[in-house]
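# Notes for the structure review
Read off the chains here:
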Amino acid sequence: MHVEHQITIAASPRVIFQIYADVSNWHTWDPDTRKASLDGPFEIGTRGRLTPTQGNTVPMLLTELVADRCFTVESRIPLFRMCFEHELSPVAGNTEVTHRVTFSGLLSVVLGPMLCKRLNAGLPVTLARLKAMAESGERKALGQMGAPPR
């Protein structure tokens, strides 16, 4: 069971990845996150915690990471596992951003449908806010390099 949404962002993968790596500020662009933190650097194997706006704090583990390309965070509770995949693909001067959430475990039959509905409503908003932040950051970065703002 999974949910997937995409958006095209007029910013480089590097700019978007810098936003991802700033875990303590995920709440500024992800309205479904109240708080997120890591117990170390933004790299494979680092553990942390995520508190959604609805629900309890869950542990998270960075299980995949390729700088400026992708990262995956896994959260497990008894009998339930969620994988949050984030992919960046450069396309004609823009970046195609994909967020995918996959559920597994015995409780996925019970929790999955409810979470899918919530994610299908929330991920487009999250991606739109990420787009606004990244495009604003790209303009600032270009302005600092002397290029005309877009």
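Residues numbered from 1 in each chain as written. Predicted model: local features only at pLDDT ≥ 70, side-chain atom pairs only at ≥ 80, totals over all residues. Heavy atoms only, no water.

The name an unreviewed UniProt entry assigns to the protein is Polyketide cyclase, from the organism Hylemonella gracilis str. Niagara R.

### Section: the environment of Phe 17
Basically, it comes down to this: Labels follow the DSSP assignment, with helices taken as runs of H or I lasting at least four residues and strands as runs of E lasting at least two, numbered in each case from the N terminus. Burial classes: relative accessible area under 20% of the type maximum marks a residue as buried, over 50% as exposed, and values in between as partly exposed (1.4 Å probe, protein chains only). The contact criterion used throughout is that any non-hydrogen atoms of two residues lie within 4.5 Å.
Inspection of the secondary structure assignment puts Phe 17 in helix H1 (residues 13-21). For Phe 17, a relative accessible area of 7% puts it in the buried group. A C-alpha to C-alpha distance of 26 Å links Phe 17 and Met 1, two positions 16 residues apart in sequence. Setting aside chain neighbours within four positions, we find Phe 17 in contact with Phe 42, Leu 65, Val 66, Ala 67, Asp 68, Arg 69, Cys 70, Phe 71 and Leu 88.

### Looking at the pattern of salt bridges
Defined as follows: One side-chain nitrogen of Lys or Arg within 4 Å of one carboxyl oxygen of Asp or Glu is enough to make a salt bridge.
One pass over the full model with this rule turns up eight salt bridges. Ionic pairing is found between Arg 76 and Glu 74, a salt bridge with its closest N-O pair at 2.6 Å. When its relative accessible area of 52% is taken as the criterion, Arg 76 is described as exposed. Among the salt bridges present, the one from Arg 100 reaches Glu 87, with a minimum N-O distance of 2.9 Å. Here the residue Arg 100 occupies a position in strand E7 (residues 94-104), and Glu 87 occupies one in strand E6 (residues 80-91), the gap between them amounting to 13 residues. Residue Arg 100 is classed as buried on the basis of its relative accessible area, which comes to 16%.

### A closer look at the confidence of the model for the protein
Put simply, the test is: Values of pLDDT, ranging from 0 to 100, describe the predictor's confidence in every residue of the model.
Averaged over all residues, the pLDDT of the protein is 90; the fraction at 70 or higher stands at 91%. The secondary structure element of the protein with the lowest average pLDDT is helix H2 (residues 108-144), at 83, and the one with the highest is strand E4 (residues 58-66), at 97. A low-confidence stretch, residues 144-150 stays under pLDDT 50, and its non-local contacts, those more than four residues away or across chains, total six contacts.

### Here we look at the nonpolar core
Note the cut-off: Only buried residues count toward a nonpolar core, which is a set of Ala, Val, Leu, Ile, Met, Phe, Trp, Tyr and Cys residues joined through side-chain atoms within 4.5 Å.
The biggest cluster of nonpolar side chains holds 25 residues, and the ones touching the most others in it are Ile 16, Tyr 20, Trp 26, Phe 42, Phe 71, Val 97 and Leu 130. The leading source of residues in this core is H1, at five residues. What Phe 42 contacts, discounting residues up to four positions off in sequence, is Phe 17, Tyr 20, Ala 21, Val 23, Trp 26, Leu 62, Leu 65 and Phe 71. Val 3, Val 101, Phe 103 and Leu 115 belong to the second largest nonpolar core, which has nine residues in total.

### Quick word on the packing of aromatic side chains
Using the following cut-off: Side-chain rings of Phe, Tyr and Trp (the six-membered ring for Trp) are treated as a pair once their centres are within 6.5 Å; stacked means planes under 30 degrees apart, edge-to-face means over 60, and tilted covers the remaining angles.
One pass over the full model with this rule turns up seven aromatic pairs. Seen from their ring centres, Trp 26 and Phe 71 are 6.0 Å apart, and the 35° between their planes marks the pair as tilted. Highlighted residues: Trp 26 in the loop between H1 and strand E2 (33-38) and Phe 71 in strand E5 (residues 70-77), separated in sequence by 45 residues. With relative accessibility at 1%, the residue Phe 71 sits in the buried group. On the numbers, 5.1 Å between centres and 65° between planes, the contact of Phe 42 with Phe 71 is edge-to-face.

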